[in-house]
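Next come the chains, spelled out residue by residue.
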Amino acid sequence: MNTNEGIETISAPRSIGGYANESNSQYVAFAHLLILFIIGLASYYNSMNVPFTYDDYPNIINYKYVKDFKYFIHFSPEMDYGFKDRYVGYLTFALNYWLGGLSVRGYHIVNLYIHICNAFLIYEAIMLLANKRFFPDFKGHRHLRNMAFFASALFISHPIQTQAVTYIVQRFESLATTFYLLSIMSYIKARTELSSKRILYYISSLILTFIAMRTKEIAFTIPIMAFVVDYLFIEKKDRTRFALILPKLLLLLVIPLTIVNWDITKVFISHKIIRADTSQYQYIITQFAIMLTYFRLLLFPVDQNLDYDYPLYTTFFHPKVAFGFAVTIAAMAIAIYAFYRAKRSNGPEKLYLKLITFGILWYYIGLSVQSGLVPLLDLIVEHRLYLPSIGFFISALSILELGKIRTKTLSRAGKALPILLIAVIVVLCAATINRNRVWQSPVSLWEDVVKKSPFIGRGRYNLGNEYAKLGRYSDAISEFEMALILKPDIVDAYYNMGLALINNGRPDEAIENFKKALQLKPEYAVVYVAYANVLFKQYRLGEAIEKYKSALEIEKLPEAYNGIGVIKAISGDPRGAIEMFDKALSIRPDYTDAAGNKKSALALIH
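Residues numbered from 1 in each chain as written. Predicted model: local features only at pLDDT ≥ 70, side-chain atom pairs only at ≥ 80, totals over all residues. Heavy atoms only, no water.

Quick look at the nonpolar core now. In this structure, Leu144 and Tyr363 are the most contacted members of the largest nonpolar core, which totals 111 residues. At 12 residues, the largest contribution of residues to this core is made by helix H18 (residues 347-368). Aside from chain neighbours lying at most four places away, what touches leucine 144 is Ile126, Met127, Ala130, Phe138, Leu351, Tyr352 and Leu355. (Core = buried A, V, L, I, M, F, W, Y, C linked by side-chain atoms within 4.5 Å. Buried < 20%, exposed > 50% of the residue type's maximum accessible area, 1.4 Å probe, protein only. Helix = DSSP H or I, 4+ residues; strand = E, 2+ residues; numbered from the N terminus. Contact = heavy atoms within 4.5 Å.)

As enumerated under the stated definition, the model contains 38 aromatic pairs in all. Here the aromatic rings of tyrosine 90 and phenylalanine 172 are separated by 4.9 Å at their centres, their planes lie at 70°, and the arrangement is edge-to-face. Taken together, the residues span a long stretch of sequence, with tyrosine 90 in helix H6 (residues 87-100) and phenylalanine 172 in helix H10 (residues 171-192) at a distance of 82 residues. One exposure class covers both tyrosine 90 and phenylalanine 172, and it is buried. An aromatic cluster of at least three residues, connected via ring pairs, comprises Tyr63, Tyr65, Phe69, Tyr71, Phe72, Phe83, Tyr87, Tyr90, Phe93, Trp98 and Phe172. Between arginine 86 and the ring centre of phenylalanine 172, over which it is positioned, the NZ or CZ distance is 5.1 Å. Here the guanidinium or amino end of arginine 588 rests over the ring plane of tyrosine 591, the centre of that ring lying 4.7 Å away. (Phe/Tyr/Trp six-rings, centres within 6.5 Å; stacked < 30°, edge-to-face > 60°. Lys NZ or Arg CZ within 6 Å of the ring centre and 35° of its normal.)

Where charged atoms from two side chains of opposite charge come close, those side chains can pair. Overall, the coordinates contain 21 salt bridges when judged by the stated rule. Among the salt bridges present, the one from glutamate 479 reaches arginine 460, with a minimum N-O distance of 3.2 Å. With glutamate 479 in helix H23 (residues 473-486) and arginine 460 in helix H22 (residues 457-469), this pair connects stretches of sequence that are 19 residues apart. Grouping residues by exposure puts glutamate 479 and arginine 460 together as buried. The shortest N-O distance in the salt bridge between arginine 472 and aspartate 475 comes to 3.1 Å. (Salt bridge = Lys/Arg side-chain N within 4 Å of Asp/Glu carboxyl O.)

The next thing to look at is a nonpolar patch on the surface. On the surface, a cluster of nonpolar side chains totalling about 470 Å² of accessible area is made up of Phe30, Leu34, Phe37, Ile38 and Leu41. A relative accessible area of 56% means that phenylalanine 30 is categorised as exposed. (Patch = residues over 30% accessible without salt bridge, like charges linked within 9 Å, V, L, I, M, F, W, Y side chains within 5 Å. Areas by Shrake-Rupley, 256 points an atom, 1.4 Å probe, with all protein chains shown as cover.)

Per-residue confidence for the chain gives a mean pLDDT of 89, with 90% of residues at or over 70. Averaged pLDDT values over the elements of the chain bottom out at 37 in helix H1 (residues 2-9) and peak at 98 in helix H9 (residues 162-165). Residue range residues 1-20 is modelled with pLDDT below 50. Its contacts to residues more than four positions away, or to other chains, number 42 contacts. Below pLDDT 50 for its whole length, residues 260-273 participates in 18 contacts with residues either more than four positions away or in separate chains. (pLDDT = per-residue confidence, 0-100.)

Here we take up the environment of leucine 249. Residue position: leucine 249 is located in helix H13 (residues 240-250). The spacing of leucine 249 and phenylalanine 227 is 22 residues in sequence and 8.8 Å in space, taken between C-alpha atoms.

As for its position among the elements, asparagine 46 is in the loop between helix H2 (22-44) and helix H3 (56-61). Here the side chain of asparagine 46 touches isoleucine 433 through a polar contact of 2.9 Å, landing on its backbone oxygen. Side chain to side chain, asparagine 46 and asparagine 436 meet in a polar contact 3.5 Å long. Those residues in contact with asparagine 46 that lie beyond four places of it in its chain are Ile433, Asn436, Arg437 and Gln440. (Polar contact = N/O pair within 3.5 Å; in protein donor to acceptor, adjacent residues only side chain to side chain.)

Here you go:
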C-alpha cells in the first residue's frame, strides 16, 4: 500500500529482525520509561501521606494475619477464607508491616512502585505483540514505540487509577494486574522465542498465572486472554497451540477449588461481598448501564466517587440498559470487523487492526469477573477499571495510529496528534493530583462521597464515624441519624451514635440506641459493654453487672471483666475484683486500666 510505503520512507534504519537500529531503540525506550516514571511521581507525589481509611482497617490495621509471618507458613482450616484466596497480596502488606509497622508512607511507596511497573509492562507488552514472528513484514517500530508510550502514559496519569493506587488496600487490584501482565508477556515470549528459553518462558507464565490468582480473583481470566493472544496473533495453524493452552485453561480451576468446601453463598453474604437480594439477571443488566458510566469516566474523568449511588435496574428495556447493551454490541462489532479486516491487510495497518481487537477484548474480559454473573455488593467501583483500562487505551491509541496511516502520516493532523496527547496527559496528571487531595483525610473523602451521593446510608455512617474521631459529636450524631433514616438496619450506626451521645452528655438517648442495636444484633458483645458503662456511671450497679455478664456470655472481652472488677471493688469485694482484673489481663496483658485497678484493689487488701 502506498500509505505503508510512505511510513517506510521516514522510518529509522532497521537491523535484522525488522527492528529499528538497536542502540537508537534502546535510547528511545529508556527515554520513554524515564518519562513514564516522572509522570507517575508527578501524579502521585501528594498521595504519600494519605491515611488509612475504610477497608484498610479490616484488611491491614486490624488484620492479625499481616502482623505475623507464621500465618503465611502454617495454614489452618479456621483461617479467614480471604487470606488464603489473596495470600500474595496479604504477604506484601505483611512485608510492609514488618519493615515499617503502620507508617503509611511505606505502603504508598509500594503502591506507586507497582503502578509505575505496570505502565512499564504495558509499554513492553505492546512492543512484544509486534514481534517479527507475528508480523514479519512490519517495519514501523518507531511509530509503535510512540504509540506504546502514549498508551502507557494515559494509563499512569489517568485519575480513574487513584482508587487502585492511593487507596492502600486496593493493592490487590494493581498487584494482580502486574502478575496478569507478566503472565501474558511470558506466554507471548514462549510463543515467539525460537531457542530453548521458550520452555522457561512457558513455565514462568504458568507460575505467574497461579501467583496472580492468589493475589485477586480478576486473574481468573488470564488463560482466556492467553488464548485470545494466541488466536489473534498467530494466524498459521499451530499444532502446539492446544498443548500450550490446555495447562493454562486447567488453571481456571485454581479459584473454584479454593472455595469448593465452602457454603459459598453464606460466606459471601456474611462478609457482605454479594447482594443477597439481587438476582444475577438484575445485576447483569445493570452492568450494561454501568458500562456507559465506565466509558464516561475513561473519556471524561469528572465527578469521581468512592461510593456511587447507582440504581439497580430490573428490566432490560430501560433506556440506559438498552443503550449500554447497544454500545457493548457495537464495541464487539468493531473488534470483529478489525480482526477480519486485518486478515486482508499488511504492514502497520494489520498490526493496529489486531491491536484494536486485542484491546477491546482485553477490556471486556478484564471486566467480566467483577461485572459478570456474581452480584457483588457494590454495583460500580472505580478500581474495577484498573485492569480493563489497559485494553481501552491500547484500542484508543491504535485507532488513532490507524487514522494517521489512512490520512497519511505527514498530514497536519498526524503531526498535531502527539501535541494533543501530551496536552491530554498533562490535564490527566493535574486531575489525578486534584483527586488525591480528596483522599488527604477520611473526613474530606467521606464529605466528598456525601456531597455526590447524599442518599447513601453508608457514606453518612462513615462520615459520622470520622466526625466522632475528631470530637465533632453533634455533627457525628446528625450523620448517624441521617444514615439510619436512609438505611435503618446499620447496626453499627446505633452503637456509634450511642457512643457519640454519651460524649455529648446525653446518656439516656445513648441507652435507647444501644437497645436498638441489640434488637438487630443480640450477639453484639461490645454494645453490652457500652450499655453497662452508662449504667455504671448512673450508679445502677446491679444492672451494669448483668450487662457485663451478657457480654461475657458472647465473647470474653477484657473490658467486661474490668467493669465487673471495678463494681466489686467499690462494693467491698477487693479479692473478687482482683480475680476479674486478672482475667482481663490474661486476655490483654497491656491493658493499663485493668493493671491500675488491680493495684488499687491490692492496696485495699493490704
